[in-house]
Amino acid sequence: MKGSSKMAPYVFIGPTLLLLAVFSLLPILVALGISLTDMDLAGLADYSSISFVGLANYADVLGDPVFLLALRNTLFYVVIGVPLVIACSLGVALLIQFGRSRLFKVFRVVYYLPSVTNVVAVAVVWSYLYNPGIGLFNYILTSIGFDKVPWLTEPTIAKLSLILLALWRSIGLNMIIFIAALQGIDRSYYEAAQLDGASGWQQLTRITLPMMRFAIFFVTITTMIGWLQFFEEPFVMTQGGPLNGTVSASLFIYQNGFQYSHFGYAAAGSFVLFFLIIAVTMVQLRLQRKQAEE
Amino acid sequence: MKQATTRKPASAAPRGRLQQWAAGIVLTVFGIAMVLPFVWMVLSAFKTEGEIKRIPPTLWPEAFTVDNFTRLFTEMDFGTYLGNTLLITLFSFVGLLLNAMAGFGFAKYRFKGREKLFLLVLATMMIPGQVTMIPVYLILNGVSLTNTMLGIVLPGFTSAFGIFLFRQFMSTLPEEIMEATRLDGASEYRLFAQVVLPMSKPILAVQAILTFIGGWNSFLWPLIIANDEKLYTLSVGLQLLKGQNTTNFALQMAGAAFMVLPIMVIFIFFQRQIIENYNISGIK
């Protein structure tokens with residue numbers, strides 16, 4: 001009996017730890033290893049044909065104009081996408097929490113709905129909406145007197161179109177996190193402020209937003225990491241086109257790895273992205289700590 | 001919330017009501033925009049191929065047809081894709097059980113290296129999928145699991161976030177009941193299966209729903225691991241459909257609706273539990 005209860009915790013956590021080791025930790029070492037080789041499809045069939053190339057893959061990928069373009073596109077996605085996601089989900093959360101009627105609870109479901117649906121399915125639907133000839137969006141625009149928009153065929157507009165789709169999908173989850181944070185604020189702060197004659201706007205900027213600092217920080221970091229890995233939307237909708245205008249760092253890695261089978265090269269690209277993600281997260285954490293100290 | 005309203009002076013009421021209406025209207029307008037793609041998807045799925053190309057577009061299908069849905073199963077192989085998707089979803093429930101076990105192990109036992117191992121589990125959340133994608137493929141290829149069902153499900157079996165949520169919930173379970181069960185002579189494993197799991201119903205329910213949604217939507221691993229169309233899931237099949245029928249939007253919308261509508265129904269049915277899940281996680 002004693003023996004079984006000593007072993008028990010390891011039996012409970014063992015299988016999961018093994019799986020995480022094989023599919024999360026070991027892969028990092030494998031990726032690091034192959035990023036220093038010229039592994040490709042031939043190397044997959046015959047390991048002896050793989051040769052060590054040192055840091056050549058890293059030098060090549062950092063000089064690859066497509067990769068640099070992919071990094072610039074990724075930066076574009078992050079710089080435009082992250083503030084939009086935060087502003088919209090925070091705005092929706094505030095409005096929903098502001099409402100006193102039970103009806104407002106319905107909005108939680110409505111705004112969350114896109115988050116649970118399949119990305120391929122919604123990308124298929126949005127491709128149709130964005131269709132230049134028979135798409136709904138251009139029909140609405142032309143019928144109220146605007147010109148047709150080349151939603152997915154002009155590089156910059158295509159990036160914005162993908163951001164719009166991703167924004168639509170990501171409002172829900174972040175809104176829920178913000179609502180949970182709003183519900184955690186003690187009502188007595190507001191009662192005290194109202195007794196002092198504070199306006200609604202003052203209550204928002206002096207109580208609500210400061211109290212939500214951690215939630216905003218959490219959403220900022222997770223959203224930023226998510227957008228740095230932006231993949232599915234350009235993969236399904238544009239395959240990185242037009243003229244690599246929507247290719248993201250993740251999509252570049254996928255294409256080089258699985259479409260061209262340049263495993264070593266793609267692994268090197270993935271470490272550049274990993275390094276960027278770590279750097280951005282570090283900067284965020286440091287900013288947060290500085291802010292908390294003030 | 002009620003308190004705040006009753007304490008407001010009466011003179012503020014009309015202005016407050018106006019603001020309430022304004023908030024409601026803004027949310028309604030944007031809410032319509034949120035569901036518009038789904039509405040358009042469903043309406044278009046029931047139109048004929050000719051009607052869908054017409055300009056100006058019809059709102060309501062003129063000749064209501066379910067032909068597009070039948071073609072998913074006759075021209076495309078959506079029956080097989082559906083079977084595979086359900087099989088993957090079923091498999092992922094094994095992963096759910098493993099996560100629950102691990103969460104319990106971390107929540108209720110003191111053992112050497114517990115904190116460090118748990119931190120390690122959390123740290124795996126930080127590793128981007130792009131880094132592990134290629135090596136996991138190579139590892140699976142090394143043990144000949146590419147192009148197999150097992151290879152598709154294994155990489156996504158465990159979820160660090162799931163383990164975290166289980167641990168959070170299970171550490172709140174009362175120690176006394178567990179001690180009493182132990183005194184009755186139950187082994188740790190029976191304790192887990194017959195006491196802990198039934199007491200964890202709320203978190204199990206949420207995780208089960210999320211596991212189902214995740215399995216149903218799974219896309220990347222089936223795409224990478226399955227070379228054979230026999231192993232395609234619905235999302236990979238839908239991607240194939242989009243590539244093969246680039247201009248047949250009615251068929252595409254039927255395929256998308258077939259994937260989206262079941263999840264929508266499940267979500268609307270269980271929305272309270274799913275949304276409250278984030279309160280359990282303690283992100284505040």
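These figures come from a predicted structure and were not determined experimentally. Residue numbers here run from 1 along each chain, matching the order of that chain's written sequence. Starting at A for chains and at 1 for ligands, labels are handed out in the order in which the entities are written. Local features in this predicted model are restricted to residues of pLDDT 70 or higher, and side-chain atom pairs are both shown and tallied only at a pLDDT of 80 or more, whereas totals for entire chains, interfaces and linings draw on every residue. The side-chain figures draw on all heavy atoms in the structure; neither hydrogens nor water molecules are used.

Trainee: Sorry if this is basic, but what is going on with helix α3 (residues 56-63) of chain A here?
Mentor: At 3.6 residues per turn, the α-helix brings residues three or four places apart onto the same side. Residues and elements named next belong to chain A. Partly exposed describes any residue whose relative accessible area lies between the buried limit of under 20% and the exposed limit of over 50%, with all areas from a 1.4 Å probe on protein chains only and scaled to the type maximum. Counting from the N terminus, the helices are the DSSP runs of H or I reaching at least four residues and the strands are the DSSP runs of E reaching at least two. Listing the buried residues of α3 in full gives Asn57, Tyr58 and Val61. In an axial view of α3, the angular spread of the buried residues amounts to 100°, which keeps them on one side of the axis. In α3, the exposed residues that point more than 90 degrees away from the buried face are Ala59 and Gly63. Regarding the arc, it is the one traced by the directions from the helix axis to the C-beta atoms.

Trainee: I'm lost on the UniProt feature "transmembrane region" (unreviewed entry) in chain A in this one. Help?
Mentor: Residue and element names in this part refer to chain A. Within this numbering scheme, the UniProt entry marks residues 12-34, 75-97, 109-129, 160-182, 211-230 and 263-283 as carrying the feature "transmembrane region" (unreviewed entry). Segment residues 12-34 splits into 100% helix and 0% strand. End C-alpha atoms: 33 Å apart. Taken end to end, residues 75-97 comprises 100% helix and 0% strand; its first and last C-alpha atoms sit 33 Å apart. UniProt positions are given in the numbering used here, feature names are shortened, and annotations may be inferred rather than shown by experiment.

Trainee: Would you mind showing me how to read the packing of aromatic side chains here?
Mentor: Remark: the centre distance and the inter-plane angle together describe each pair of aromatic rings, the angle taken between the planes. The aromatic pairing rule takes the rings of Phe, Tyr and Trp, using the six-membered ring of Trp, and pairs them if the centres are within 6.5 Å, calling planes under 30 degrees apart stacked, those over 60 edge-to-face and the rest tilted. Counted by the stated rule, this structure contains 42 aromatic pairs over all chains. With centroids separated by 5.1 Å and ring planes inclined at 55°, the aromatic side chains of A:Phe12 and B:Phe192 adopt a geometry described as tilted. Residue A:Phe12 is located in helix α1 (residues 2-34), and its partner B:Phe192 is located in helix α11 (residues 188-199); the two belong to separate chains. Its relative accessible area of 2% is what places A:Phe12 among the buried residues. Using a relative accessible area of 5% as the deciding quantity, one classes B:Phe192 as buried. Between A:Tyr112 and B:Phe267, the ring centres sit 5.2 Å apart and the planes meet at 25°, which makes this aromatic pair stacked.

Trainee: Honestly, the UniProt feature "domain: ABC transmembrane type-1" (unreviewed entry) in chain A in this entry has me stumped. Any pointers?
Mentor: Feature annotation in UniProt assigns "domain: ABC transmembrane type-1" (unreviewed entry) to the following positions: residues 71-284 of chain A. Across residues 71-284 of chain A one finds 78% helix and 0% strand; the C-alpha atoms that close the span lie 19 Å apart.

Trainee: Honestly, the UniProt feature "transmembrane region" (unreviewed entry) in chain B in this entry has me stumped. Any pointers?
Mentor: Residues and elements named next belong to chain B. Residues given the UniProt feature "transmembrane region" (unreviewed entry) here are residues 21-43, 81-105, 117-140, 152-170 and 249-270. Across residues 152-170, helical content stands at 68% and strand content at 0%; the span's end C-alpha atoms are separated by 30 Å. Span residues 249-270 is 100% helix and 0% strand, its end C-alpha atoms 31 Å apart.

Trainee: What exactly am I supposed to notice about the pattern of salt bridges here?
Mentor: One side chain can pair with another of opposite charge once the charged atoms of both are near each other. Residues and elements named next belong to chain B. Just to be clear on terms, a salt bridge is a Lys or Arg side-chain nitrogen sitting within 4 Å of an Asp or Glu carboxyl oxygen. Using the criterion set out here, one finds nine salt bridges over all chains in the structure. Residues Glu62 and Arg54 are paired through a salt bridge, measuring 3.2 Å at the closest nitrogen-oxygen approach. Among the residues examined, Glu62 registers a relative accessible area of 55% and is labelled exposed. Between Glu115 and Arg114 there is a salt bridge, and its shortest N-O distance comes to 3.3 Å. Via salt bridges that share partners, Glu49, Lys53, Arg71 and Glu75 belong to a single interconnected network.

Trainee: Please clarify how the UniProt feature "domain: ABC transmembrane type-1" (unreviewed entry) in chain B should be interpreted in this entry.
Mentor: UniProt's feature table lists "domain: ABC transmembrane type-1" (unreviewed entry) at residues 81-270 of chain B, given in the numbering used throughout. Helix makes up 76% of residues 81-270 of chain B and strand 0%, and the two end C-alpha atoms of the span are 25 Å apart.

Trainee: When you look at the interface of chain A and chain B in this model, what are you seeing that I'm missing?
Mentor: Size of an interface, as often reported, equals the accessible area lost when the parts are brought together. Every contact between the two is made by 94 residues of chain A and, on the other side, 98 residues of chain B. For the pair chain A and chain B, the summed buried surface comes to about 8,900 Å²; carbon and sulfur atoms form 78% of the total. Polar contact is defined as a pair of N or O atoms within 3.5 Å, subject to the rule that within protein one atom must be able to donate a hydrogen and the other to accept it, and that residues adjacent in sequence are counted only when both atoms are side-chain atoms. Linking chain A to chain B there are 10 residue pairs in polar contact (both at pLDDT 80 or more). Residue type decides the class: Asp, Glu, Lys and Arg count as charged, Ala, Val, Leu, Ile, Met, Phe, Trp, Tyr, Cys and Pro as nonpolar, and the leftover types, Gly among them, as polar. When the residues that make up the side of chain A that touches chain B are grouped by side-chain class, the tally is 71 nonpolar, 18 polar and five charged. Residues are treated as being in contact if the distance between any of their heavy atoms lies within 4.5 Å. Summed over both partners, buried area is the accessible surface (1.4 Å probe) that two parts give up on being assembled.

Trainee: Looking at this structure, I do not really get the side chain of A:Ser89. What am I missing?
Mentor: All names here are of chain A. Note that Ser89 resides in helix α4 (residues 65-98). For Ser89, the side chain forms a polar contact with the main-chain oxygen of Val85, separated by 2.3 Å. With residues up to four places along the chain from it excluded, the contact list for Ser89 reads Ile171, Asn174, Met175 and Phe178.

Trainee: Sorry, what's going on with the environment of A:Leu36 here?
Mentor: Residues and elements named next belong to chain A. Structurally, Leu36 can be placed in the loop between α1 and α2 (41-45). Along the backbone, Leu36 and Ala268 are 232 residues apart, and their C-alpha atoms lie at a distance of 7.7 Å. Aside from chain neighbours lying at most four places away, what touches Leu36 is Ser51, Phe52, Val53, Gly54, Leu55, Asn57 and Tyr58.

Trainee: Help me out: how do you make sense of the environment of B:Met133 in this one?
Mentor: When you line up the elements, B:Met133 lands in helix α7 (residues 129-142). Put simply, B:Met133 and B:Pro155 are 22 residues apart on the chain and 9.4 Å apart in space, counted from C-alpha to C-alpha. Not counting chain neighbours up to four residues away, the residues in contact with B:Met133 comprise A:Ile253, A:Tyr254, A:Phe258, B:Leu220, B:Trp221 and B:Ile224.

Trainee: Just to check I follow, could you spell out unusual backbone geometry for this structure?
Mentor: One can expect most non-glycine residues to show negative phi and most peptide bonds to be in trans. Residue and element names in this part refer to chain A. The omega angle of the peptide bond from Gly241 to Pro242 is -10°, so this bond is cis rather than trans. By the secondary structure assignment, Pro242 is in the loop between α12 (232-237) and α13 (249-259). Phi at Gln239 takes a positive value of approximately 50°, unusual for a residue other than glycine. Along the chain, Gln239 turns up in the loop between α12 and α13. At Asn244, a residue that is not glycine, the phi angle is positive and equals roughly 60°. Its place among the elements puts Asn244 in the loop between α12 and α13.

Trainee: Help me understand the side chain of A:Thr246, please; the structure alone is not making it clear to me.
Mentor: Summarising the element assignment, A:Thr246 is placed in the loop between α12 and α13. What A:Thr246 contacts, discounting residues up to four positions off in sequence, is A:Asn73, A:Tyr77, A:Ala158, A:Lys159, A:Leu162, A:Pro234, A:Thr238, A:Gly240 and A:Gly241.

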